Amino acid sequence: MAKKKNNYAEILKASTKLGLTSFGGPAAHIGYFRDEYVTKRKWLDDKAYADLVALCQFLPGPASSQVGISIGMLRGGMFGGFLSWFGFTMPSVILLVLFALLVTNGSFDSGWIQGLKIVAVAVVAHALLGMGKNLAPDRQRIAIAVGAAIVILLIPTTWAQIGVIVLAGVLGYAIYRKEDAPEPVKLALSFGKKTGIAAWSIFAALLIGLPLIRPFIESTSFAIFDIFYRVGSIVFGGGHVVLPMLEREVVSDWMTPDSFIAGYGAAQAVPGPLFTLAGYLGQLMNGGWGVVIAVIAMFLPSFLLIVGTLPFWSIIRTKSGVQAALKGVNASVVGILLAALYDPVFTSGIRGPVDFAIAITAFTMLVYFKLAPWIVVLVTAVLGAVAYAI
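Just so you know, these numbers come straight off a predicted model, no measurement behind them. (Residues numbered from 1 in each chain as written. Predicted model: local features only at pLDDT ≥ 70, side-chain atom pairs only at ≥ 80, totals over all residues. Heavy atoms only, no water.)

Asks: Help me out: how do you make sense of the overall build of the chain in this one?
Replies: Of the regular secondary structure elements, the chain holds 16 helices and zero strands. Radius of gyration (C-alpha) of the chain: 20 Å, near the 21 Å computed for a compact globule of 390 residues. Counting only C-alpha atoms, the chain reaches 60 × 50 × 50 Å along its principal axes. Pairs at least 24 apart in sequence give 76% of the contacts found in the chain among residues at least 6 apart. Summed over its atoms, the accessible surface of the chain is roughly 16800 Å², and 67% of this surface lies on carbon and sulfur atoms. Mean positive and mean negative side-chain charge positions of the chain (28 and 19 charges, respectively) differ by 10 Å. (Helix = DSSP H or I, 4+ residues; strand = E, 2+ residues; numbered from the N terminus. Rg over C-alpha atoms; globule rule 2.2 N^0.38 Å. Contact = heavy atoms within 4.5 Å. Areas by Shrake-Rupley, 256 points an atom, 1.4 Å probe, with all protein chains shown as cover. Lys, Arg positive; Asp, Glu negative; His and termini not counted. Charge placed at Lys NZ, Arg CZ, Asp CG, Glu CD.)

Below is the structure:
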């Protein structure tokens, strides 16, 4: 028992440190995690870590958060996974809720908000470049990405996005199914396949059942839970891809496009996962209770998917067909992000030549000067405020 408590304390300490210092998005988070968990603490080796990263890229949801949850579960079981998530996630949730309160109370000048909307253009463009190189490196996947972007732009609905992801998986399977899958690594778990099946059953029941029940329940809390659970369940490719799905779910009914994009811009300035944007949106939608429901609903699918898949990963990893379908899905994610770069990011953030000039400056600082994202966010917010004042 004492050893378990020590493990819990270690997990919370390590994950909170990462939650306070991990700037730069999912790719950077994976690097921070490796440095902390593999190099410094030696909780697992590079081969096992690489396999966990592969698993979390295979699943929908926030990859870096899922890697942290997985490592926490390997170290301290289910509760260890929760502590790992809590430490990594809560610092940015708290910061974004405080920002939402400033926006709600009118304490945040509209010039600064415009700067945050402009920086979102640079950040999404930067993410698109990196993801394009990794997820669409050949002509076939570039074609899938471009086709996905065209469909999403012409049919801007959540169901169109889901359909694009499914079709891309089918195309990926058809094109890449003959390629070899890598050898898996055996992971030591405190739970087995029965628990995994139960987790998958709960995941599927909520994903299918919540939208069916929602029309019959007049409840703001239920609506928030349904929205964020559904988005957290079907988003492939990391936090930036959550932007278009959430925008279509919450803008107009719950908040203005300006408030939404400002929150996305602010989320770039805080450490931790981009999915903590749920905290900001939950505050605008239904105050403190909205924050709790939105954050839980956004990350609950990740927990269920990790618990459901880890016991079977050694089998899934060897299936070349699964890996092939995933290549198609990941390519479609690039297309979805490309469509989001235009609408809502560019259309909401760029009002004229001055705004575009600031966006180019922010993009240059990110891509070529390689400044930390939080520095770029602060500089762009200041430039936006100055331009608005002039």
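What follows picks up the thread again.
Asks: Hey, could you run me through the side chain of Asp-226 in this one?
Replies: Here Asp-226 lies in helix H9 (residues 220–234). Given a relative accessible area of 2%, Asp-226 falls into the buried group. At 2.9 Å, the side chain of Asp-226 and the side chain of Arg-214 are in polar contact. With near-sequence residues (within four places) excluded, Asp-226 lies in contact with Leu-210, Pro-211 and Arg-214. (Buried < 20%, exposed > 50% of the residue type's maximum accessible area, 1.4 Å probe, protein only. Polar contact = N/O pair within 3.5 Å; in protein donor to acceptor, adjacent residues only side chain to side chain.)

Asks: So what exactly am I meant to see when it comes to the nonpolar core here?
Replies: The tendency in soluble globular proteins is for nonpolar side chains to be buried side by side. Grouped together as the largest cluster of nonpolar side chains are 119 residues, with contacts concentrated most on Phe-228 and Leu-246. The greatest single-element share of this core, amounting to 17 residues, is contributed by helix H12 (residues 277–309). If we ignore the near neighbours within four places in the chain, the residues touching Phe-228 are Leu-246, Ala-278, Leu-281, Met-285, Ala-294, Ala-297 and Met-298. (Core = buried A, V, L, I, M, F, W, Y, C linked by side-chain atoms within 4.5 Å.)

Asks: Honestly, the environment of Ser-302 in this entry has me stumped. Any pointers?
Replies: Positionally, Ser-302 belongs in helix H12. For Ser-302, a relative accessible area of 0% gives the class buried. Sequence separation between Ser-302 and Cys-56 is 246 residues; the distance between their C-alpha atoms is 9.1 Å.

Asks: Looking at this structure, how should I read the packing of aromatic side chains?
Replies: Counted according to the given criterion, the structure contains 17 aromatic pairs. Aromatic pair Tyr-37 and Trp-43: ring centres 5.2 Å apart, planes at 25 degrees, arrangement stacked. When the centroid spacing of 6.0 Å and the interplanar angle of 10 degrees are considered together, the rings of Phe-225 and Tyr-229 count as stacked. Residue Phe-225 and its partner Tyr-229 are both found in helix H9; the two are separated by four residues, about one turn of the helix. Tyr-229 sits in the buried class, given a relative accessible area of 1%. Here the basic side chain of Arg-141 rests over the ring of Tyr-176, its NZ or CZ set 4.9 Å away from the ring centre. (Phe/Tyr/Trp six-rings, centres within 6.5 Å; stacked < 30°, edge-to-face > 60°. Lys NZ or Arg CZ within 6 Å of the ring centre and 35° of its normal.)

Asks: What's the story with the packing of helix H10 (residues 242–250) against helix H11 (residues 257–267) in this structure? I'm lost.
Replies: Between two packed helices, what matters for the description is the angle formed by their axes and the separation of those axes. Between H10 and H11, the least distance of the axes is 11 Å, while the angle of their chain directions is 150 degrees. Considering their axes alone, H10 and H11 lie roughly antiparallel with respect to each other. Once H10 is placed against H11, the crossing between them reads as right-handed. The segment H10 lies against H11, with Leu-243, Leu-246, Glu-247 and Val-250 engaging Phe-260, Ile-261 and Tyr-264. Partitioned by chemical class, the residues of the contact of H10 with H11 number six nonpolar, no polar and one charged. (Axes fitted to C-alpha atoms, helices over the stretch in contact; angles between N-to-C directions. Parallel < 35°, antiparallel > 145°, perpendicular 65-115°, else oblique. Left-handed = near helix turned anticlockwise from the far one by under 90°. Nonpolar A, V, L, I, M, F, W, Y, C, P; charged D, E, K, R; others polar.)

Purely geometric numbers; function is a separate question.
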